[in-house]
Amino acid sequence: MRYLLAAGYRVTPVRPLDCDEVLGVPCVATLAEIDEPIDLVDVFRRPEFCPGVAREAVAVGARALWLQLGLVSSEARRIATEAGLEYVEDECTAIVHRREVT
């Protein structure tokens, strides 16, 4: 998140547990609490939680679902791609962004 903020992206942390802020940015408990269009849902949760996040991303009309490095979920992939979301798994947003901008 620190990298994305430094690169100029607006990031809203979604924390299922009680959390007020991350790196000074206020948290929300669910994607549904975000009151603006969501381009990318960047997932840092264990694989067993990814299908639920995928369903939530579809429900809020997110454009893409990204599972971070080490995360793979065939069910999340199916949910996201069947709904037309762009889908990436087992990749780090910071590493890919650095590679793309240089």
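The coordinates are above.
1. Topic: the pairing of strand 3 (residues 40–43)
Here comes step 1: What you see with strand 3 is a clean split: V41 and V43 sit on the buried side and L40 and D42 on the side with no burial.
Here comes step 2: Across four bridges, strand 3 lies against strand 4 (residues 64–67) in parallel orientation. Directly across from V43, in strand 4, lies its bridge partner L67.

2. A few points about the packing of helix 2 (residues 50–59) against helix 3 (residues 74–82)
Here comes step 1: Packing of helix 2 against helix 3 brings their axes to within 8 Å, and their N-to-C directions diverge by 10°. Between helix 2 and helix 3, the angle is such that the two are roughly parallel. Contacts between helix 2 and helix 3 involve C50, P51, A54, R55 and V58 from the first element and E75, A76 and I79 from the second.
Here comes step 2: Here the residues of the contact of helix 2 with helix 3 sort into six nonpolar, no polar and two charged.

3. Overview of unusual backbone geometry
Here comes step 1: A positive phi is found at L23, a non-glycine position, where the angle reads about 50°.
Here comes step 2: Structurally, L23 is set in the loop between strand 1 (21–22) and strand 2 (25–26).

4. A look at the packing of aromatic side chains
Here comes step 1: Per the stated rule, a full pass over the model turns up zero aromatic pairs.
Here comes step 2: The positively charged end of R45 is found above the aromatic ring belonging to F49, 3.9 Å away from the centroid.

5. Some thoughts on the nonpolar core
Here comes step 1: Within the largest apolar cluster, 19 residues are counted, with the highest numbers of intra-cluster contacts made by V41, V43, A57, L65 and L67.
Here comes step 2: Mapped onto this core, the elements with two or more residues apiece are strand 3, helix 2, strand 4 and helix 3.
Here comes step 3: Broken down by element, this core gets its largest block of residues, four residues, from helix 2.

6. What to know about the state of the cysteines
Here comes step 1: Tallying each qualifying case throughout the model produces zero disulfides.
Here comes step 2: In this structure C19 is not part of a disulfide, and its nearest cysteine sulfur, from C27, lies 3.4 Å away.
Here comes step 3: What makes C27 buried here is its relative accessible area of 15%.

Thresholds, definitions, all that
Residues numbered from 1 in each chain as written. Predicted model: local features only at pLDDT ≥ 70, side-chain atom pairs only at ≥ 80, totals over all residues. Heavy atoms only, no water. Buried < 20%, exposed > 50% of the residue type's maximum accessible area, 1.4 Å probe, protein only. Helix = DSSP H or I, 4+ residues; strand = E, 2+ residues; numbered from the N terminus. Pairing = 2+ DSSP bridges. Axes fitted to C-alpha atoms, helices over the stretch in contact; angles between N-to-C directions. Parallel < 35°, antiparallel > 145°, perpendicular 65-115°, else oblique. Contact = heavy atoms within 4.5 Å. Nonpolar A, V, L, I, M, F, W, Y, C, P; charged D, E, K, R; others polar. Phe/Tyr/Trp six-rings, centres within 6.5 Å; stacked < 30°, edge-to-face > 60°. Lys NZ or Arg CZ within 6 Å of the ring centre and 35° of its normal. Core = buried A, V, L, I, M, F, W, Y, C linked by side-chain atoms within 4.5 Å. Disulfide = S-S within 2.5 Å.

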